[in-house]
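Residues per chain, in single letters:
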Amino acid sequence: MNRHEEREKAMITVYEDLLAERDLDELIEDTYQMKVEEVDPYFVDVIRTAIKNKDRYAGYINEVLKDWTFDRLGMIEKAILLNGCAEFDLKQLSAAVIIDESVEMARKYCDKDAYKLINRVLDVI
């Protein structure tokens, strides 16, 4: 599995947690179809950081959205933004890579123009 595919699985894991909170290790294992110990530790950190800091990241996102709120976004958009914020916090990749990967996921999984919102929010944060 390449890093893009792992990043998508990380987004799906956070999405699933937003829908119905359950044991995080179980969610990771279900999504990745392997033991947590076998998943790239970077993406385990991204998932854990995104979920742990969800409220803080929602605050940052709300500041950027102005006429909209994090709570009004679709669950997939939320998951992509939370993971992007987590990757920024982990400081292991450049902002350009994080934003590009997030925009690509938005193009693939979200409504037609959602990628613009993802790009704008992450670019400001």
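These numbers come from a predicted model, not from an experiment. (Residues numbered from 1 in each chain as written. Predicted model: local features only at pLDDT ≥ 70, side-chain atom pairs only at ≥ 80, totals over all residues. Heavy atoms only, no water.)

1. Remarks on the environment of Ile28
- Relative to the helices and strands, Ile28 resides in helix α2 (residues 24–32).
- By relative accessible area, Ile28 is classed as buried at 0%.
- The spacing of Ile28 and Thr13 is 15 residues in sequence and 6.1 Å in space, taken between C-alpha atoms.
- Those residues within four positions of Ile28 in sequence are excluded, and the remaining contacts are Thr13, Gln33, Val36, Val39, Val44 and Ile47. (Helix = DSSP H or I, 4+ residues; strand = E, 2+ residues; numbered from the N terminus. Buried < 20%, exposed > 50% of the residue type's maximum accessible area, 1.4 Å probe, protein only. Contact = heavy atoms within 4.5 Å.)

2. Overview of the confidence of the model for the chain
- Averaged over every residue, the pLDDT of the chain is 95; residues scoring 70 or more account for 100%.
- Mean pLDDT across the elements of the chain ranges from a minimum in helix α7 (residues 114–124), with 94, to a maximum in helix α3 (residues 41–52), with 98. (pLDDT = per-residue confidence, 0-100.)

3. A word on the packing of aromatic side chains
- Applying the stated rule across the entire model yields two aromatic pairs.
- Its guanidinium or amino end placed over the ring of Trp68, Arg72 lies 3.6 Å from that ring's centre, counting from NZ or CZ.
- Over the aromatic face of Tyr115 sits the side chain of Arg107, whose NZ or CZ is 3.9 Å from the ring centroid. (Phe/Tyr/Trp six-rings, centres within 6.5 Å; stacked < 30°, edge-to-face > 60°. Lys NZ or Arg CZ within 6 Å of the ring centre and 35° of its normal.)

4. A look at the nonpolar core
- In this structure, Ile28 and Ile61 are the most contacted members of the largest nonpolar core, which totals 40 residues.
- Listed by contribution, the elements that provide at least two residues to this core are α1 (3–19), α2, α3, α4 (54–65), α5 (75–90), α6 (95–109) and α7.
- Counting residues per element, this core draws most heavily on α5, which supplies seven residues. (Core = buried A, V, L, I, M, F, W, Y, C linked by side-chain atoms within 4.5 Å.)

5. Regarding the UniProt feature "domain: NusB/RsmB/TIM44" (unreviewed entry) in the chain
- The UniProt entry lists residues 6–123 under the feature "domain: NusB/RsmB/TIM44" (unreviewed entry), expressed in the numbering used here.
- In residues 6–123, the share of helix is 75% and the share of strand is 0%. The end C-alpha atoms are 22 Å apart. (UniProt positions renumbered as here; feature names shortened; annotations may be inferred.)

6. Things to note about the pattern of salt bridges
- This structure, assessed with the given rule, holds eleven salt bridges.
- Lys116 serves as the salt-bridge partner of Asp113, at 3.7 Å between the closest nitrogen and oxygen.
- The class for Lys116 is partly exposed, based on a relative accessible area of 46%.
- Each of Arg7, Glu87 and Glu101 takes part in a single network of salt bridges with overlapping partners. (Salt bridge = Lys/Arg side-chain N within 4 Å of Asp/Glu carboxyl O.)

7. Observations concerning the packing of α3 against α5
- As a packed pair, α3 and α5 sit with axes 8 Å apart at the nearest point and diverge in direction by 115°. With respect to α5, the axis of α3 lies roughly perpendicular. Classified by chirality, the crossing of α5 by α3 is right-handed. Note on element contacts: α5 touches α3 through Leu82, Asn83, Ala86, Glu87, Asp89 and Leu90, opposite Tyr42, Asp45, Val46, Thr49 and Ala50. (Axes fitted to C-alpha atoms, helices over the stretch in contact; angles between N-to-C directions. Parallel < 35°, antiparallel > 145°, perpendicular 65-115°, else oblique. Left-handed = near helix turned anticlockwise from the far one by under 90°.)

8. Topic: α2
- Within α2, burial applies to Leu24, Leu27, Ile28, Thr31 and Tyr32. For α2, the angular spread of the buried residues around the axis is 110°, confining them to a single face.
- Looking at the packing, one finds that the buried side of α2 touches α1 and α3.
- Among the residues of α2, the N-terminal cap falls to Asp23, whose side-chain oxygen and the backbone nitrogen of Asp25 are separated by 3.3 Å.
- At the exit of α2 stands Gln33, carrying a positive phi of roughly 55°. (Arc of directions from axis to C-beta. Polar contact = N/O pair within 3.5 Å; in protein donor to acceptor, adjacent residues only side chain to side chain.)

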